[in-house]
Amino acid sequence: MKSIRLFPLLSILLIALSAGCSNDTDSPRKDDEPAAPAFDLSVRNITRTSASITIKPQDKQMSYISFVAQQEFLDENGLDTDEALFDSDMEYIANYISYYGGDLSDFLLKGDLIDWAYTDITGSTDYVAYVYGIDPQTEERLTDICYCEFRTPDLEMVEASFGVEAKAYGPIVELTITPEGYHGPYYFTLIEASALEPEASLFDVCHDHFAGVVSYYQNTCYYTLDDVLQSVCSRGTGRFRLELKPETDYIACAYAVNDQAEVCSEPSTAEVTTGTVVASDNEIAIVVSNITATSARITVKPSNEDTYAAGVVKSSAIEGMTDEQIMEYLTAANPSTLTGSFWQELQLESQTEYTVYAFGYLAGTVTTELFRNDFKTLVAEEGTATFRLEYAYYDVAEVAALYPEWEHYHESGYEVMLLATAISDSPEYYYTVNDPSIFEGASDDNVRNWLMEFGLSFKSSVFFTWYDVTKFAGGFAVDDNGNRGPLWKDEIILSKEGVSDMGSFVNPQSRSVRCAAETDAAETVPEILFFGQPAAGAGQKAPACTGGAPVDHRPAPVELPEKRETRAKSPGILQRGCVGR
């Protein structure tokens, strides 16, 4: 299966209404003389955030295109006949191909599509699913368009109120939220008052903000809705400390969230104005110990609880700079912030000079002088352990046809299943199959450092990806003396010509295998390492999905959302409702 192109109409879930394909002459989108349906098109299990789509063509060998659109989009653009809608689709596809590349085949389906879960919809909205046959060579429409209209259910609101107390200490706001007679999950949003138009609805702003939070965790961290409710939302009295813009008016909104991860109550609010940033008298001590060829222990001890930034950078990167220039260079990279004492064991490059730095930093403003400690790592002793990966890749469609447990990856649009097995004379090793750009320009030491933090250590792993991409394969082993062996690396070009025959396939389910569905990491090899976690993203409250020390991220203040689009810019993005490349 190549690609189903369903217009993403914003995201997220399940009930049991149903609708079927219609060629009724009363439909405003039908031609004067409709033909018998060439497709059995139905939509069922319709909820506010998802629907199951089934398409059964009469001719199983015919190529076809299927879309989902908001009824409002069709009405506003006068797409009320087969000809107008088809011409609009062809123009959209041509513009996409011109901009992103590819060809018409990326949009084509063939054969039955059964209960495909479409999740890019919102509640209380009229939709139209439609499908038509097409000649891949001439790009001519072969059939009438078959339509299926459906509407997503309305939101069921709950009575929930919260006591919201916000106190500002300079740019720091301490927020206390106390549910009043409500025991379910809730979330909160901070809005800059100046960005709120007089006619704007606080419910709509909070709804769109939280929908973005859910989308982020589902599509970036692969959270389920239950994961979002358990680790992102709060229950009971919550106390939050937020670093905001100085001298700015905010509206803090707390609201209930239902089991489908939707805002389901009117927000309770409190207003707060942040103050100015003042200089800090924080004195920050930096101790470097346990220095080896590839590691060192860093300890940072501030004299008070004021917020500061700290980290490590290669000394060569700041050579010749004044303290002011160094801090300007570091703050331009959006540093993380800390409070209190901190220590960390760092993986570093051998025979390299480093600078550990710290300075007071609050709300984008430097509040102290620069504190630093320079050191140099030792000469590395090359380890004797050897490592390599043996790998083969198979067509996901062929695998899924024989082993139904892998059908999910086929339905999700993956084309290639790559099986990798570590071969080493040491029990300790680290490896990856990943995007080559992550390691571009990185030294072998830096790549090995990355692998020790983010790499895999399983005997066998499974990776899912696509044809016509190139992957970096790399790994190394550690010997009995703790020395790191040489970095093994290879370039894997995934082409249809190189796919392995299914006669050699051994189902990974019968072995102890690590399954890694995504081969693109969220972290690159850093130029500047900041201690602590990144500044809070839009609504992040759980630990960063790439790992690290647990940290209580807070929702960033949001600006008012722009009007939602009714078409996607890219039919190849899996999380936006497409299957394929």
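Residues numbered from 1 in each chain as written. Predicted model: local features only at pLDDT ≥ 70, side-chain atom pairs only at ≥ 80, totals over all residues. Heavy atoms only, no water.

**Student:** How do you make sense of the overall build of the protein when you look at a structure like this?
**Tutor:** When you go through the protein residue by residue, the secondary structure sums to eight helices and 29 strands. Sorting the 581 residues of the protein into buried and exposed places 51% on the buried side. About 26800 Å² of surface is accessible on the protein, with carbon and sulfur atoms providing 47% of the total. (Helix = DSSP H or I, 4+ residues; strand = E, 2+ residues; numbered from the N terminus. Buried < 20%, exposed > 50% of the residue type's maximum accessible area, 1.4 Å probe, protein only. Areas by Shrake-Rupley, 256 points an atom, 1.4 Å probe, with all protein chains shown as cover.)

**Student:** What's the story with the sheet that holds strand 8 (residues 146-151) in this structure? I'm lost.
**Tutor:** Strand pairing in a sheet relies on backbone hydrogen bonds, with the paired strands running either antiparallel or parallel. Taken in spatial order, the four strands line up as 5-4-7-8 in an open sheet, and their pairing is antiparallel. Unpaired on one side and paired on the other, strand 5 (109-110) and strand 8 mark the two borders of the sheet. Here strand 4 (residues 63-70) runs beside strand 7 (residues 126-133); their pairing, made up of seven bridges, is antiparallel. When the sheet's bridge partners are listed, S66 is paired in strand 7 with V131. Sheet strands in contact with helix 2 (residues 82-100) are strand 4, strand 7 and strand 8, and its direction is about 85° off that of strand 7. (Pairing = 2+ DSSP bridges. Contact = heavy atoms within 4.5 Å. Axes fitted to C-alpha atoms, helices over the stretch in contact; angles between N-to-C directions.)

**Student:** Teacher, can you tell me more about helix 3 (residues 202-220) here?
**Tutor:** One full turn of an α-helix is made of 3.6 residues, so residues set three or four places apart face in the same direction. Along its 19 residues, helix 3 runs 27 Å from first to last C-alpha, staying within 8% of the 27 Å computed at 1.5 Å per residue. Where helix 3 is concerned, the buried positions are F203, V205, C206, H207, H209, F210, A211, V213, V214 and Y217. Measuring from the backbone nitrogen of F203 back to the side-chain oxygen at the start of helix 3 gives 3.3 Å, which picks out S201 as the cap. (Expected span 1.5 Å × (residues − 1). Polar contact = N/O pair within 3.5 Å; in protein donor to acceptor, adjacent residues only side chain to side chain.)

**Student:** Would you explain the nonpolar core in this entry?
**Tutor:** For soluble globular proteins, nonpolar side chains are generally found buried alongside one another. In this structure, F162, L175, I177, L190, F210 and Y255 are the most contacted members of the largest nonpolar core, which totals 44 residues. Put simply, the parts of the chain that give this core at least two residues each are strand 9 (161-169), strand 10 (172-180), strand 11 (186-192), helix 3, helix 4 (225-231), strand 12 (238-243), strand 13 (249-256) and strand 14 (268-273). Those residues in contact with F162 that sit more than four places away from it in its chain are I177, T178, P179, E180, Y182, Y186, A254, Y255, A256, S265 and S268. Counting 22 residues, the second-largest nonpolar core is a separate cluster that includes M62, W116, A129 and V131. (Core = buried A, V, L, I, M, F, W, Y, C linked by side-chain atoms within 4.5 Å.)

**Student:** Can you walk me through the confidence of the model for the protein in this structure?
**Tutor:** Detailed reading of the predicted coordinates is not advisable wherever pLDDT is low. The pLDDT averaged across the protein works out to 81; a share of 81% of its residues lies at or above 70. Low pLDDT, under 50, characterises residues 1-19; the stretch is placed with 120 contacts to residues that sit more than four places away or in other chains. Segment residues 510-522 is flagged for pLDDT under 50; beyond a separation of four residues in sequence, or across chains, it makes 40 contacts in the model. (pLDDT = per-residue confidence, 0-100.)

**Student:** How should I be thinking about the pattern of salt bridges in this particular structure?
**Tutor:** Two side chains that carry opposite charge are able to pair once their charged atoms sit near each other. Throughout the structure, instances matching the rule amount to 16 salt bridges. The partner of D82 in a salt bridge is R141, and the shortest N-O contact between them spans 3.7 Å. Of this pair, D82 sits in helix 2 while R141 sits in the loop between strand 7 and strand 8; the two residues are 59 residues apart in sequence, bridging distant segments of the chain. Exposure remark for R141: the relative accessible area of 23% places this residue in the partly exposed category. K314 is the salt-bridge partner of E349, the closest N and O atoms lying 2.7 Å from each other. With E349 in the loop between strand 18 (342-347) and strand 19 (353-362) and K314 in strand 17 (residues 308-314), this pair connects stretches of sequence that are 35 residues apart. For E349, a relative accessible area of 8% translates into the label buried. Residue K314 is classed as partly exposed on the basis of its relative accessible area, which comes to 30%. Through salt bridges with shared partners, a single network forms among D82, E83 and R141. (Salt bridge = Lys/Arg side-chain N within 4 Å of Asp/Glu carboxyl O.)

**Student:** Please clarify how the pairing of strand 2 (residues 39-44) should be interpreted in this entry.
**Tutor:** Of the two faces of strand 2, only the one carrying F39, L41 and V43 is buried; D40, S42 and R44 on the other face are not. Strand direction decides the pairing type here: strand 2 and strand 3 (residues 51-57), joined by six bridges, are antiparallel. By the bridge assignment for strand 3, D40 is matched with K56. With antiparallel pairing between neighbouring strands as the criterion, strand 2 and strand 3 make up a hairpin whose turn holds six residues, including N45 at a positive phi of roughly 50°.

**Student:** Would you take a moment to explain the pairing of strand 7 for this structure?
**Tutor:** It is a general feature of regular strands that their side chains alternate between the two faces of the sheet. The buried count for strand 7 comes to seven of eight residues, which makes it a mostly enclosed element. Two elements, strand 7 and strand 8, share six bridges in a ladder whose sense is antiparallel. Its bridge partner being in strand 8, A129 is matched across the sheet by C148.

**Student:** Mind showing me how you'd approach helix 2 here?
**Tutor:** The first and last C-alpha atoms of helix 2 sit 27 Å apart over 19 residues, in line with the 27 Å expected at 1.5 Å per residue. Residues of helix 2 that are buried: D82, L85, F86, S88, D89, M90, Y92, I93 and Y96. As for helix 2, its buried residues are in contact with strand 4, helix 1 (71-76), strand 7 and strand 8. Of the residues one or two after helix 2, G101 is the one with positive phi, at around 95°.

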